[in-house]
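Reading the structure
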Amino acid sequence: MADRNPAPDTPELRERWGAFEFTESYRERADKAIARYPEGRQRSAVMPLLDLAQRQVGEETNTQGWLPLPVIEYVADYLDMPVIRVLEVASFYFMYNMKPVGKYHVQVCGTTPCMLRGSDGLFETCKKRGMSKGHVSEDGLWTLTEVECMGNCATAPMVQINDDNYEDLTPERLDTILDALAKGEQPKAGTQEPGRHTSEPANALSSLEAMVDENHDYRSEWS
């Protein structure tokens, strides 16, 4: 599992990130998130603000982004919160990276359904590309993390890479996805099983004979 401790608080870290603040664009998005909550409840926006801060760090470093301690302190000050409270949130949820990561953060589910469906082979595929758990690859492209259940058990095994899920994977399918990302292309997200749309049985639809027609008035049939 990923290390949830913050990166060491070094002078170099302070020099690089001590002056961090939201850009105008990110500040607008942060203030919009805060405005969703009643007066006096602005601290409830801590999760979206951490996400925005991580994304801005990602843009500045050409990576998926992470949360240096000075950035966490900035979010705490922005919301008038104790730093430890913001650090507790950041270190609890795996959506926040506590250490530097590569341009593509490859999160492989290793829990039972994915393991039974072949996730060990996905780890081997990543290893052959020079990835190792918890480290940035030499070319700066990849960080590999083993994660707990991502909620895609019906389409296991699955991998999340940055903001996209890739499901029904085999080592060969994952290789194709990683090849595309390395070239700067955007591969198709979701299931990689031909003819499969969401999480219906892999061999065919069962309870439904076809995908739901959004333009059909089903209520008239139920009355």
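Residues numbered from 1 in each chain as written. Predicted model: local features only at pLDDT ≥ 70, side-chain atom pairs only at ≥ 80, totals over all residues. Heavy atoms only, no water.

Concerning the UniProt feature "binding site: [2Fe-2S] cluster" (unreviewed entry) in the chain
As annotated by UniProt and renumbered to match this structure, "binding site: [2Fe-2S] cluster" (unreviewed entry) occupies Cys-109, Cys-114, Cys-149 and Cys-153. For this annotated set, covering 45 residues, all C-alpha atoms fall within 9.7 Å of each other, a compact arrangement in space. The annotated residues that sit in the lining of the largest cavity are Cys-109, Cys-114, Cys-149 and Cys-153. With respect to the element layout, Cys-109 can be found in strand S1 (residues 104-109). On the accessibility criterion, Cys-109 (2% relative accessible area) is buried. Those residues in contact with Cys-109 that sit more than four places away from it in its chain are Cys-114, Ser-119, Val-147, Glu-148, Cys-149, Met-150 and Met-158. Its place among the elements puts Cys-114 in helix H6 (residues 112-116). Those residues in contact with Cys-114 that sit more than four places away from it in its chain are Cys-109, Ser-119, Ala-156, Pro-157 and Met-158. (UniProt positions renumbered as here; feature names shortened; annotations may be inferred. 1 Å grid on protein atoms, 1.4 Å probe; cavity = no way out; pocket = protein on both sides within 12 Å on 5 of 7 lines; lining within 4 Å. Helix = DSSP H or I, 4+ residues; strand = E, 2+ residues; numbered from the N terminus. Buried < 20%, exposed > 50% of the residue type's maximum accessible area, 1.4 Å probe, protein only. Contact = heavy atoms within 4.5 Å.)

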